[in-house]
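# Descriptive analysis of the structure
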2 protein chains.
Amino acid sequence: MRSVRVGIIGLGNVGSGTLSILTENAEQIAGKLGFRLSVRAVCSRSVHSKELPQLSTDVLKTSDWREVVSHPEVDVVAELVGGTGVAREIIDGAIAHRKSVVTANKELMAQCGAEIWDRAIKARINLAMEASVAGGIPIHAVLREGISGDRVRALYGILNGTCNYILTEIEKRGASFDEVLAEAQRLGYAEADPGMDVDGFDASSKLALLAALAFGHRITPSDIYTEGIRRVTAVDFRYAHQLGHTIRLIGAARETSDGLLLSVRPSLIPQDTILAGVRGSYNAVWVSGHFGGDTFYYGRGAGPHPTGVAIVSDLMRVAREIRCGSPERVSPFAHQRLGDHKPIPVERSHSAYYLRFRVEDGPGIIAKLAGVLSDQKISLDAVLQLPQQNWRDLPFVITVEPTSEQSIRDAIAEISKLHFLLEPPVAMPMEKPL
Amino acid sequence: MRSVRVGIIGLGNVGSGTLSILTENAEQIAGKLGFRLSVRAVCSRSVHSKELPQLSTDVLKTSDWREVVSHPEVDVVAELVGGTGVAREIIDGAIAHRKSVVTANKELMAQCGAEIWDRAIKARINLAMEASVAGGIPIHAVLREGISGDRVRALYGILNGTCNYILTEIEKRGASFDEVLAEAQRLGYAEADPGMDVDGFDASSKLALLAALAFGHRITPSDIYTEGIRRVTAVDFRYAHQLGHTIRLIGAARETSDGLLLSVRPSLIPQDTILAGVRGSYNAVWVSGHFGGDTFYYGRGAGPHPTGVAIVSDLMRVAREIRCGSPERVSPFAHQRLGDHKPIPVERSHSAYYLRFRVEDGPGIIAKLAGVLSDQKISLDAVLQLPQQNWRDLPFVITVEPTSEQSIRDAIAEISKLHFLLEPPVAMPMEKPL
């Protein structure tokens, strides 16, 4: 039986991982498909100097991606270059040559995946992007087909491994954000320019994609309220633990009667929830369905091999569609058409909050803060102060009962005017996921 | 666009749940598929007295399943009757009439799913069975397509919600197995005849199916070493906690150099693992892949709606195949052909063990037990005894370093001859999953 032939563009970590899986698992893959998946072309700027797994001599090795997308013997192209520049050209080129496309490109797919899918349908080719979110977790397959009979009510994800690694190290060792970040950079867990990760933008691209699959809406990542983890300290974890909680960077997408509520922000989550057990660089997604109830998915967020598994599984799926002549069988976005949707403003979200203050010590501080909160109709839940410290060194914490983000923001604006504040307060929602 | 038409046979909890999801989610389902999924026939012995969601008047309501499988306007049949008798006839009948089949029937599929799939291929119809294992978790979709690029190294599952409910209640309240079982029966969480659940047979059918998907082998459930939870006591949990562990009924399938090692048995698992966080009637599956590393899936194991989501998601997938004319696109067993495989005997498994003894108090007991273990070349790890109790009331525990199940059995056979034993020792492996 004729094999389906793959062209791989981009031989960095993910590309090399993909290639080694295709080589080492070739027999098992054929046993599942009933035909072979063969590599026909590979492309990288440094293809001739790179050490590659043994490829048969008729495999095209090129540094020009155009030779791959136009190759008459390539059925499906894996775009593993990343970014939104040449990657877009590669995908457009592949579609123009009626090649199916597998991509790991969250940024590009979050920004213009819906248009790319439209073009793919017209060209009658298949488009797959499992690797774009939470590499090692088949969350696209789950939302696209696994639980497609359900309607999603809410989705919470730990979507950035770097942030989760940093947060759990701060938690474990009581170290500072800067210390742990520097160490993560030395170990190669964090980029030299860590902003995309630690400021939450990587997670918001991923959340945009997951929300599209879960809710059927086209979501622009910049419409998602996004806050990073730079202000989370070891002291926050000590207070959170006192409250029976921990802190994670949570990407949340929730259905409300007014529309979708989307945010990426450090949040307190109860320690006895399964989401709180996600430590280190792991990713996880928790889904609440109207009918199926709670489900939870966990695995490696990145890495050449976990992401490579996602790419190879996508290649297998696309290869099946090519063999069956059924390119548009299932949308990569789970829905045939994505509706345009403006998420509702985060100010309208409701939850309990954790508020951390650092102040110049003096009389009547709690009374003043309580007064401002009371003016905003916010009810205090608890006031916490770790022992044997003065307030200058050690911030104290007020938790409040569920209220709107707008009220919290108004209260913080008022509080920030108070003379005894040493820095702007930190506010984190206290979420109640699984 | 013409709809795909469904016939539902069996309107018990799962059938009714399926019907209500198909009705209430009809628009969302059409938005995902691009066409409608319509109910054309329903069948139940009590169909005329049953309260059903509003069905259009042209829906056939019958108490004769033959009318459904032979109905010219039914494209796909959902077999939700269960058991291995009439269910088999229904599936055979549907295949004979070239209808695709969706089933929730773990027992039947574990026993003869591979033959049914062979017949389905020949008839060019589709067969789907997501609901047969861990209803609310799309673990079939995950193994069949989501991580199909990987090779599974090991799979551990909490596959029986009744057992997990009973164990976590014993753990939480210190109650006895009999007490909790009686209560679970009153609440409807356990059957009047609980043997299938508490003796592990339900879990071993499910493990047989998951192992087939994960490893590509046809596994006979009776070849799986199966041990239930009847001997697990509250005291075992107290000792397990002292060891930093908890106890769950674990279905394990592991690749070894000699073949597959399969077992269903109560096992100690470390408390800080994500698997230990699975409480109540939830199910979970942990998968270790050669390339993708650890992934973990969690959700409701049963219930009309979670299982209904699995059925409806399968119906959607099958409907897509019908529309694309691609019935055999993907095997319900993940592999095109299942190899015949005899699991290796459990006696050859290796792990640390927890051994619990109840004895007539007297001198030299530990020395005698240690002597027998030493004769079997088993190294003691720890001896534990809860305080302020005599040994008659309160058993004590010995943990031993990793050894073979065979050595443990030989040691227990010797120990059981000792005059001071009041009951046969209890042995549980100490597993090290995620």
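Parameters at a glance
- Along each chain, numbering runs from 1 in the same order as the chain's sequence is written.
- Key to labels: chains lettered from A, ligands numbered from 1, both in the order written.
- Local features in this predicted model are restricted to residues of pLDDT 70 or higher, and side-chain atom pairs are both shown and tallied only at a pLDDT of 80 or more, whereas totals for entire chains, interfaces and linings draw on every residue.
- In this description a helix means any DSSP run of H or I spanning at least four residues, a strand means any run of E spanning at least two, and both kinds are numbered starting from the N terminus.
- For the radius of gyration, the atom set is restricted to C-alpha positions; the globular benchmark scales as 2.2 Å times the number of residues to the power 0.38.
- The contact rule is simple: place each C-beta atom from the backbone, and if two of them lie within 7 Å, those residues are in contact.
- Each residue receives one of three labels: charged for Asp, Glu, Lys and Arg, nonpolar for Ala, Val, Leu, Ile, Met, Phe, Trp, Tyr, Cys and Pro, and polar for the others, Gly being one of them.
- We call two strands paired when DSSP finds no fewer than two bridges between them.
- Three exposure classes are used, all based on how many other C-beta atoms lie within 10 Å of a residue's own C-beta (placed from the backbone): buried at 20 or more, exposed at 12 or fewer, and partly exposed between those limits.
- By our criterion, buried Ala, Val, Leu, Ile, Met, Phe, Trp, Tyr and Cys residues that link up through C-beta atoms within 7 Å make up a nonpolar core.
- Scored from 0 to 100, pLDDT records how confident the predictor is in each individual residue.
- What fixes the domain bounds is an automatic or database domain assignment.
- In a helix, the anticipated span is given by 1.5 Å times the number of residues less one.
- Only residues with pLDDT of at least 70 in both copies count here: their C-alpha atoms drive the least-squares fit that superposes the copies.
- Lines fitted to C-alpha atoms define the axes here, with helix axes fitted over just the stretch in contact, and angles between the N-to-C directions of these axes take values from 0 to 180 degrees.
- Any angle between 65 and 115 degrees counts as roughly perpendicular, while under 35 counts as roughly parallel, over 145 as roughly antiparallel, and the rest as oblique.
- Note on convention: the crossing is left-handed when the near helix lies turned anticlockwise from the far helix by less than a right angle, right-handed when the turn is clockwise.

Let us look at the overall build of chain A. The helix and strand tally for chain A stands at 14 helices and 18 strands. For 434 residues, the compact-globule estimate of 2.2 N^0.38 gives 22 Å, and chain A sits close to it at 24 Å. Dimensions of chain A, computed from the C-alpha atoms along their principal axes, are close to 80 × 45 × 35 Å. For chain A, long-range pairs separated by at least 24 residues make up 75% of all intrachain contacts whose partners lie at least 6 apart in sequence.

Further remarks concern the interface of chain A and chain B. Interface size, as often reported, equals the accessible area lost upon joining of the parts. On the chain B side, the residues contacting the 49 residues of chain A number 49 residues. Listing elements by their share of the side of chain A that touches chain B, those giving two or more residues are helix 2 (26–33), helix 6 (139–146), strand 13 (293–300) and helix 12 (304–324) of chain A. The dominant element in the side of chain A that touches chain B, judged by the number of residues it contributes, is helix 12 of chain A, at 10 residues. Classifying every residue of the side of chain A that touches chain B gives 19 nonpolar, 21 polar and 9 charged. For strand 13 of chain A and strand 13 (residues 293–300) of chain B, the ladder comprises 5 bridges, and the chain directions are antiparallel.

Residue and element names in this part refer to chain B. The element strand 1 (residues 4–9) is extensively covered by neighbouring structure, given that 6 of its 6 residues are classed as buried. By the alternation rule, side chains of strand 1 split into Val4, Val6 and Ile8 and Arg5, Gly7 and Ile9, which are all buried. One ladder, built from 4 bridges, connects strand 1 with strand 4 (residues 76–79); its direction is parallel. Its bridge partner lying in strand 4, Ile9 is registered against Glu79.

Now for the pairing of strand 11 (residues 259–270) of chain A. All names here are of chain A. The buried fraction of strand 11 is high, at 10 of 12 residues. Bridging between strand 9 (residues 225–226) and strand 11 involves 2 bridges; their strand directions are parallel. Within the sheet, the bridge partner assigned to Tyr225 lies in strand 11 and is Ser263. The pairing of strand 10 (residues 245–256) with strand 11 spans 12 bridges and is classified as antiparallel. Of the residues in strand 11, the one forming a bridge with Arg254 is Leu261. The antiparallel pairing of strand 10 with strand 11 creates a hairpin that spans 2 residues between the two strands.

Here we come to unusual backbone geometry. The backbone phi angle of Ala134 of chain A is positive, close to 50°, even though this residue is not glycine. With respect to the helices, strands and loops of the structure, Ala134 of chain A is situated in the loop between strand 6 (127–128) and helix 6.

Moving on, we get to the nonpolar core. One recurring pattern in soluble globular proteins is that nonpolar side chains are buried together. One finds Ala211 of chain A together with Ala211 of chain B to be the most contacted residues of the largest nonpolar core, which totals 282 residues. Setting aside residues up to four positions removed in sequence, Ala211 of chain A forms contacts with Leu155, His217, Ile219, Ala253, Leu260 and Leu262 of chain A.

Here we take up the confidence of the model for chain A. Taken over all residues, the pLDDT of chain A has a mean of 94, while the share at 70 or more is 98%. In the predicted complex, the global pTM is 0.96; the interface-specific ipTM is 0.95.

All names here are of chain A. Split into domains, chain A comes out as domain 1 (4–136 + 304–340), domain 2 (140–300) and domain 3 (348–430). A straight line from the C-alpha centre of domain 2 to that of domain 3 covers 24 Å. Those elements giving two or more residues to the side of domain 2 that touches domain 3 turn out to be helix 11 (234–242), strand 10 and strand 11. Across the side of domain 2 that touches domain 3, the residue classes tally to 7 nonpolar, 4 polar and 4 charged.

Residue and element names in this part refer to chain B. Compared with an ideal rise of 1.5 Å per residue, which puts 13 residues at 18 Å, helix 7 (residues 161–173) spans 18 Å between its outermost C-alpha atoms and is within 8% of the ideal. A large share of helix 7 lies buried, amounting to 11 of its 13 residues. Regarding helix 7, the residues found buried are Gly161, Thr162, Cys163, Asn164, Tyr165, Ile166, Leu167, Thr168, Glu169, Ile170 and Glu171. Directly beyond the C-terminal end of helix 7, a positive phi value near 65° is found at Gly174.

Overlaying chain A on chain B yields an RMSD of 0.0 Å, the required transformation being a rotation through 180° with an accompanying axial translation of 0.0 Å. The superposition of one copy onto the other is thereby described by a two-fold rotation axis. When C-alpha distances to the rotation axis are compared across chain A, the minimum falls at Tyr297 of chain A, with a value of 2.4 Å.

Next up on the list: the sheet that holds strand 4 (residues 76–79) of chain A. Strand pairing in a sheet is mediated by backbone hydrogen bonds. Such pairs are either parallel or antiparallel. Residue and element names in this part refer to chain A. Taken together, 6 strands build an open sheet; the order of strands is 3-2-1-4-5-6 and the sheet is parallel. One side of each edge strand has no neighbouring strand; the edge strands of this open sheet are strand 3 (60–62) and strand 6. Relative to strand 5 (residues 100–103), strand 4 runs parallel, the two sharing 4 bridges. Its bridge partner lying in strand 5, Val76 is registered against Ser100. Relative to the sheet, helix 1 (residues 13–24) contacts strand 1 (4–9), strand 2 (37–43) and strand 4, its axis offset from that of strand 2 by approximately 150°.

Let's shift gears to the sheet that holds strand 5 (residues 100–103) of chain B. Residue and element names in this part refer to chain B. If you walk across this open sheet you meet the 6 strands as 3-2-1-4-5-6, and the pairing is parallel. The sheet terminates laterally at strand 3 (60–62) and strand 6 (127–128), the two strands that pair on one side only. Inspection of the sheet shows strand 5 paired to strand 6 by 2 bridges, in the parallel sense. Counterpart to Val102 in the pairing with strand 6 is Ala128. Where helix 1 (residues 13–24) meets the sheet, it contacts strand 1, strand 2 (37–43) and strand 4, and its direction lies at approximately 150° from that of strand 2.

This brings us to helix 10 (residues 201–215) of chain A. Residues and elements named next belong to chain A. With 15 residues, helix 10 extends 20 Å between its outermost C-alpha atoms, agreeing within 8% with the 21 Å of an ideal straight helix rising 1.5 Å per residue. Across the 15 residues of helix 10, 14 count as buried, placing the element largely inside the fold. Gly216 lies just past helix 10 and shows a positive phi near 75°.

Let us now look at the packing of helix 5 (residues 106–123) of chain A against helix 10 of chain A. Helix-helix packing is characterised by the crossing angle of the two axes and by the distance between the axes. All names here are of chain A. Direction vectors running N to C along helix 5 and helix 10 enclose 50°, while the axes themselves pass 9 Å from each other. Judged by the inter-axis angle, helix 5 sits oblique to helix 10. In this structure, helix 5 meets helix 10 at a crossing whose hand is left-handed. Between helix 5, through Lys106, Glu107, Met109 and Ala110, and helix 10, the contact on the second element is made entirely by Ser205, Lys206, Ala208 and Leu209. Considered class by class, the residues forming the contact of helix 5 with helix 10 number 4 nonpolar, 1 polar and 3 charged.

Here His48 of chain B shows up in the loop between strand 2 and strand 3. Here the alpha-carbon distance between His48 of chain B and His245 of chain B, two residues 197 residues apart in the chain, equals 52 Å.

This paragraph deals with the environment of Ser148 of chain A. Mapped onto the secondary structure, Ser148 of chain A falls in the loop between helix 6 and strand 7 (152–158). Sequence separation between Ser148 of chain A and Val235 of chain A is 87 residues, and the spatial gap between their C-alpha atoms is 42 Å. Once you skip the residues sitting within four places of it in the chain, Ser148 of chain A turns out to touch Ala334 of chain A together with Lys32, Ser313 and Met316 of chain B.

A separate point is the environment of Ser38 of chain A. Residue and element names in this part refer to chain A. The topology assignment puts Ser38 in strand 2. Ser38 sits in the buried class, given 21 other C-beta atoms within 10 Å. Each C-alpha atom of the pair Ser38 and Leu22 lies 7.8 Å from the other, and the pair is 16 residues apart in sequence. Filtering out sequence-adjacent residues up to four positions away, Ser38 remains in contact with Ser3, Arg5 and Val6.

Residues and elements named next belong to chain A. Where helix 13 (residues 365–375) meets helix 14 (residues 405–415), the closest approach of the two axes is 9 Å, and the angle between their N-to-C directions is 140°. Once helix 13 is placed against helix 14, the crossing between them reads as right-handed. The residues of helix 14 that touch helix 13, namely those facing Leu369, Val372 and Leu373, are Ala411, Glu414 and Ile415. Considered class by class, the residues forming the contact of helix 13 with helix 14 number 5 nonpolar, no polar and 1 charged.

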